[in-house]
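Descriptive structure summary
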Amino acid sequence: MRSFTNLVVIPNNVPMDLGPARLGVGWVTSERPVTAEIIVMPTGSQDSHSFRVVLGETFPVGGETWRFADVDFASADRWEVTVRRVDEDEPQDEPRGHLWAPARLSPYGNVDEQRLRMVEAELGQPLPPSYRRWLAENNGAAPAGDHHVAGLPFTLMPERPLLGVHPQYPTFDLVAAQRQHRDTWLSQTYLVIAVPSGGLLVVKTEHPDGDSVWILPEDAMRGPLGAAGAADRERRLVYLAEDITYFIGRLQPVPELPPAEINYPDPDDPHRWEQP
């Protein structure tokens, strides 16, 4: 039976129906060569078949041949894979999708349970669970170069990393950041986890949406200090991700700009120094 379509776009975790089969994608790598696990589930059967294919390669669907044609990443964890049926002698378009440049982070180490409890005692509140696990495994992290979430006006830098437990270095210390930054601008509903250029990166400590990650933009850091202005500022927070892991999945290196060039005027032009 012939498929009723020639092209299918498959979001992550959403199988798509071709007619003779359903297609799903188990995973996609963003490193080159871009590779995906395509799962073919024949209609009316409990069986499924998995194929590991590099971008541009083909795989069978019943008696048909399909191609892994393209991929478009919105983040490291959210993507759409395009597959298309290959007809005989059909020209194939070059992939045009957006590949993902993953974050390059260097963790500082780990934090044991006793130290985590001491941090919570100093903060006067428990750490949200997903962030607590991440902190235990990483103790913060320094980006290799400038990193951002595309379209948002903040930048993490090596000198402005994800904070950890570093009491000997207050600039990088989680507890010190609450005293210096959180208590100035926000309530204890949020925990400052980085002080990037452009605002404050925070994780929510309470439900609903506990563990979610937000940015307080720099232009929202105004009004009465402390609790008096916190409610208004918290209405200006911008949602980033459901937890720290998904936030890091959105984080990527800032693209490098080409080096600056000076275009010298033509030395033979007698008007080269005239002002307009």
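Figured I'd write up the structure that's included with this text.

What counts as what
- Residues numbered from 1 in each chain as written.
- Predicted model: local features only at pLDDT ≥ 70, side-chain atom pairs only at ≥ 80, totals over all residues.
- Heavy atoms only, no water.
- Helix = DSSP H or I, 4+ residues; strand = E, 2+ residues; numbered from the N terminus.
- Buried < 20%, exposed > 50% of the residue type's maximum accessible area, 1.4 Å probe, protein only.
- Areas by Shrake-Rupley, 256 points an atom, 1.4 Å probe, with all protein chains shown as cover.
- Axes fitted to C-alpha atoms, helices over the stretch in contact; angles between N-to-C directions.
- Parallel < 35°, antiparallel > 145°, perpendicular 65-115°, else oblique.
- Left-handed = near helix turned anticlockwise from the far one by under 90°.
- Contact = heavy atoms within 4.5 Å.
- Pairing = 2+ DSSP bridges.
- Core = buried A, V, L, I, M, F, W, Y, C linked by side-chain atoms within 4.5 Å.
- Phe/Tyr/Trp six-rings, centres within 6.5 Å; stacked < 30°, edge-to-face > 60°.

Further remarks concern the overall build of the protein chain. Check the secondary structure of the protein chain and you find five helices and 16 strands. Taken across its 276 residues, the protein chain has 43% of its residues classed as buried. With the model as given, the accessible surface of the protein chain reaches about 15500 Å², and the carbon-plus-sulfur share is 51%.

Let us now look at the packing of helix H1 (residues 113-123) against helix H3 (residues 174-185). Two quantities define a packed helix pair, namely the angle between the axes and the distance from one axis to the other. As a packed pair, H1 and H3 sit with axes 10 Å apart at the nearest point and diverge in direction by 15°. Comparing the axis directions of H1 and H3 gives the class roughly parallel. Every pair of crossing elements has a handedness; the one defined by H1 and H3 is right-handed. Every residue of H3 that contacts H1 at Val119, Glu122 and Leu123 is listed here: Leu174, Val175, Gln178 and Arg179.

What follows covers the environment of Ser197. The topology assignment puts Ser197 in the loop between strand S12 (190-194) and strand S13 (199-204). When the C-alpha atoms of Ser197 and Phe154 are compared, they prove to be 5.3 Å apart, with 43 residues separating the residues in sequence. Ignoring sequence-local partners within four residues, the contact set of Ser197 consists of Pro153, Phe154, Thr155, Met157 and Arg160.

Attention now moves to unusual backbone geometry. Note: most peptide bonds trans; most residues except glycine with negative phi. Here the bond from His207 into Pro208 is cis, since omega is 0°, no more than 30 degrees from zero. Relative to the assigned elements, Pro208 resides in the loop between S13 and strand S14 (213-217). A positive phi angle is found at Asn13, which is not glycine, with a value near 70°. Tracing the backbone through its elements, the reader meets Asn13 in the loop between strand S1 (7-11) and strand S2 (16-17). A relative accessible area of 71% means that Asn13 is categorised as exposed. Unusually for a residue other than glycine, Asp209 sits at a positive phi of about 65°.

Glancing now at the sheet that holds S1. Strand order in the open sheet made by the four strands is S1-S8-S7-S6, with antiparallel pairing throughout. Each edge of the open sheet is held by one strand with a lone partner, namely S1 and strand S6 (58-61). Mean inter-strand twist for the sheet, computed between neighbouring axes without regard to direction, equals 35°. With four bridges connecting them, S6 and strand S7 (residues 64-73) associate as antiparallel partners. Along S7, the bridge assignment pairs Phe59 with Trp66.

We now examine the nonpolar core. Generally speaking, soluble globular proteins have nonpolar side chains that are buried together. Among the nonpolar cores identified, the biggest contains 43 residues, and Tyr131, Leu162, Leu174, Leu201 and Phe247 are the most heavily contacted of them. Of all the secondary structure elements, the ones that give two or more residues to this core are H1, helix H2 (129-138), H3, S12, S13, S14, strand S15 (238-241) and helix H5 (244-250). Considering every element that reaches this core, the biggest residue donor is S12, with five residues. Ignoring anything within four residues of it in the chain, the contact list for Leu162 reads Leu105, Tyr108, Trp134, Gly140, Ala141, Leu156, Ile193, Ala194, Leu201, Phe247 and Ile248.

Moving on: the environment of Leu200. As for its placement among the helices and strands, Leu200 is situated in strand S13. Judged by its relative accessible area of 1%, Leu200 is buried. Setting aside its immediate chain neighbours within four residues, Leu200 contacts His181, Trp185, Val192, Ala194, Val195, Trp214, Ile215, Leu216 and Met221.

In this section: the sheet that holds strand S3 (residues 21-28). Sheet architecture is open: four strands sit in the order S2-S3-S4-S5, paired in antiparallel fashion. Edge positions in the sheet fall to S2 and strand S5 (49-54), since each has one partner strand and no second.

Given two aromatic rings, their pairing is described by the distance between the two centres and the angle made by the two planes. Tallied over the full model, the rule gives three aromatic pairs. For the pair Tyr131 and Trp134, a centre-to-centre distance of 6.0 Å together with 25° between the ring planes defines the contact as stacked. Pair noted here: Tyr131 and Trp134 are both in helix H2, with a separation of three residues, about one helical turn.

This part is about the pairing of S14. For S14, the tally of buried residues reaches five of five residues, placing the bulk of the element in the interior. Here S14 shows a buried face lined by Val213, Ile215 and Pro217 and a second buried face lined by Trp214 and Leu216. Sheet topology note: the S13/S14 ladder contains five bridges and is antiparallel. The residue bridging Gly199 from the neighbouring strand is Pro217, located in S14. Taken together, the three bridges between S14 and S15 define a ladder with antiparallel strand orientation. Counterpart to Trp214 in the pairing with S15 is Tyr239.

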